[in-house]
Amino acid sequence: MYFCRTSFTSALPHFHWKYTQNKRACDGTLFPTMMRSIVQSPSFGLIWALCTLTVLAQQSQHKDLDALNRQAIELQRNGLFQESAPLFEIVIERLETYNASDDRHLPSAHYNLATAHNQLGDAAAALYHYQRAVDLVNNPGNSDIYLPSLRGLGVLHLTEGNYGSAQDCFQQIVGQEPWDHSATFNLYSALKEQGHTDKAIKILDFLVQTDDSYSLGVIERAELELAKDFVDQEKLNALRKSLNRTLQKHPLNVHAHIVLAQVLIEIGYPLQALMAMQLVITTVTSTDPGIYGQLCIAARLG
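Below is a short write-up of the structure. (Residues numbered from 1 in each chain as written. Predicted model: local features only at pLDDT ≥ 70, side-chain atom pairs only at ≥ 80, totals over all residues. Heavy atoms only, no water.)

Contact geometry for helix α4 (residues 81–97) and helix α5 (residues 105–119): axes closest at 9 Å, N-to-C directions at 155°. Classified by the angle their axes make, α4 and α5 are roughly antiparallel. Considering only the axes of α4 and α5, their crossing is left-handed. From α4, F81, S84, A85, F88, E89, V91, I92, L95 and E96 reach across to α5, where they touch H105, L106, A109, H110, N112, L113, A116, H117 and Q119. Residue composition of the contact of α4 with α5, grouped by class: 10 nonpolar, six polar and two charged. (Axes fitted to C-alpha atoms, helices over the stretch in contact; angles between N-to-C directions. Helix = DSSP H or I, 4+ residues; strand = E, 2+ residues; numbered from the N terminus. Parallel < 35°, antiparallel > 145°, perpendicular 65-115°, else oblique. Left-handed = near helix turned anticlockwise from the far one by under 90°. Contact = heavy atoms within 4.5 Å. Nonpolar A, V, L, I, M, F, W, Y, C, P; charged D, E, K, R; others polar.)

As a further point, take helix α12 (residues 233–249). The terminal C-alpha atoms of α12, which comprises 17 residues, lie 24 Å apart, in line with the 24 Å expected from a rise of 1.5 Å per residue. Considering only its buried residues, α12 is in contact with α10 (197–210), α11 (215–226) and α13 (254–266). Backbone nitrogen of E234 and a side-chain oxygen of the N-cap are separated by 3.0 Å at the start of α12; the cap is D232. (Expected span 1.5 Å × (residues − 1). Polar contact = N/O pair within 3.5 Å; in protein donor to acceptor, adjacent residues only side chain to side chain.)

Attention now moves to the pattern of salt bridges. If you walk through the whole model with that rule in mind, you get eight salt bridges. When the shortest N-O distance is used, the salt bridge between E177 and R151 registers 3.7 Å. Of this pair, E177 sits in the loop between α8 (163–176) and α9 (181–193) while R151 sits in helix α7 (residues 146–160), and the two are 26 residues apart along the sequence. Residue classification places E177 among the partly exposed positions, given a relative accessible area of 22%. When its relative accessible area of 27% is taken as the criterion, R151 is described as partly exposed. Taking the shortest distance from any N to any O, the salt bridge between R151 and D180 comes out at 2.6 Å. Placement of R151 in helix α7 and of D180 in the loop between α8 and α9 is noted, with a sequence separation of 29 residues between them. For D180, a relative accessible area of 11% translates into the label buried. Residues participating in the shared-partner salt-bridge network are D205, R221, E225 and K228. (Salt bridge = Lys/Arg side-chain N within 4 Å of Asp/Glu carboxyl O. Buried < 20%, exposed > 50% of the residue type's maximum accessible area, 1.4 Å probe, protein only.)

For M277, the position within the fold is in helix α14 (residues 270–283). For M277, a relative accessible area of 0% corresponds to the buried category. Put simply, M277 and H257 are 20 residues apart on the chain and 7.3 Å apart in space, counted from C-alpha to C-alpha.

Tallying each qualifying case throughout the model produces three aromatic pairs. A network of ring pairs unites the aromatic residues F185, Y188 and Y214 as a single cluster. Over the aromatic face of Y269 sits the side chain of R240, whose NZ or CZ is 5.0 Å from the ring centroid. (Phe/Tyr/Trp six-rings, centres within 6.5 Å; stacked < 30°, edge-to-face > 60°. Lys NZ or Arg CZ within 6 Å of the ring centre and 35° of its normal.)

This part takes up the packing of α5 against helix α6 (residues 123–136). The description of two helices packed together rests on the angle between their axes and the distance between the axes. Contact geometry of α5 with α6 gives a least axis separation of 8 Å together with a crossing angle of 160°. As judged from the angle between their axes, α5 and α6 are roughly antiparallel. The handedness of the crossing between α5 and α6 comes out as left-handed. Here L106, P107, H110, Y111, L113, A114, T115, H117 and N118 of α5 come into contact with α6, specifically with A125, A126, H129, Y130, R132, A133 and L136. Residues of the contact of α5 with α6, tallied by class, amount to 10 nonpolar, five polar and one charged.

With that out of the way, let us pick up the nonpolar core. The biggest cluster of nonpolar side chains holds 29 residues, and the ones touching the most others in it are L150 and F170. Of all the elements in the fold, those that place two or more residues in this core are α6, α7, α8, α9 and α10. Apart from the residues lying within four places of it in its own chain, the contact partners of F170 are R151, G154, V155, L158, A183, N186 and L187. Core analysis: the second largest hydrophobic core is formed by 20 residues, V208, V263, L264 and I267 among them. (Core = buried A, V, L, I, M, F, W, Y, C linked by side-chain atoms within 4.5 Å.)

Given below as structure tokens:
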């Protein structure tokens with residue numbers, strides 16, 4: 001809500017009095033007299049009317065803007081991003097025209113517009129508006145739009161190969177929400193792509209220890225271990241258990257099945273790997289050549 005800030009001072013009659021010398025100031029009759037003079041002033045009615053009209057006009061503008069924003073959000077919910085984007089642009093333009101850079105609705109409008117551009121494949125525009133949403137949040141710790149904007153920004157930076165910027169985004173998210181497995185895995189990916197292997201593996205180990213049923217983390221950790229020249233049997237056995245838990249939660253994850261078979265073969269259980277791959281073939285519809293590759297290796301070793 002915008003309030004009228006018109007100054008009444010210049011339009012009021014000039015009153016000159018001294019508190020200690022004016023009897024009416026002491027006996028309480030001066031203030032009512034002043035108020036009567038103000039109200040009866042020819043300028044007062046005009047200024048009062050102008051102020052009232054200004055407030056009513058601003059209230060009307062806010063109602064129209066709210067309706068436009070709701071319409072854009074509804075279009076976005078229905079997947080009509082091409083139609084919602086121009087409406088969010090109008091919302092942003094009007095909010096900025098009202099000099100409302102600290103308005104709580106402005107970051108949300110930028111976030112929604114960024115989402116629309118992202119869905120439409122315009123990465124540059126999406127990056128710009130996600131960044132604007134992040135910058136406009138005055139109190140990140142008490143905002144429901146800050147972390148989603150930061151997450152969208154981080155994912156785009158990661159996709160575009162801006163790994164340092166992606167790292168900054170996901171570090172902030174994990175710092176506030178360490179249980180966010182997706183952000184943690186993306187932080188690992190950003191570190192890994194920059195060549196910070198030791199830091200990346202520490203992040204990945206933290207993720208697997210926090211939730212060893214998170215498939216992306218467990219699969220990645222197992223593949224890193226399998227890629228070593230000298231595999232650690234103890235670690236592989238632990239990863240085998242984690243992969244089994246992952247498959248209990250995601251039984252149709254073909255990639256997890258393939259990696260589990262690789263682990264089983266590596267630790268000396270080719271028959272179990274063979275049975276696992278045969279089970280996958282009968283229960284999962286997939287053309288992944290890795291399934292048959294592991295099946296052949298397991299059959300040969302078994």
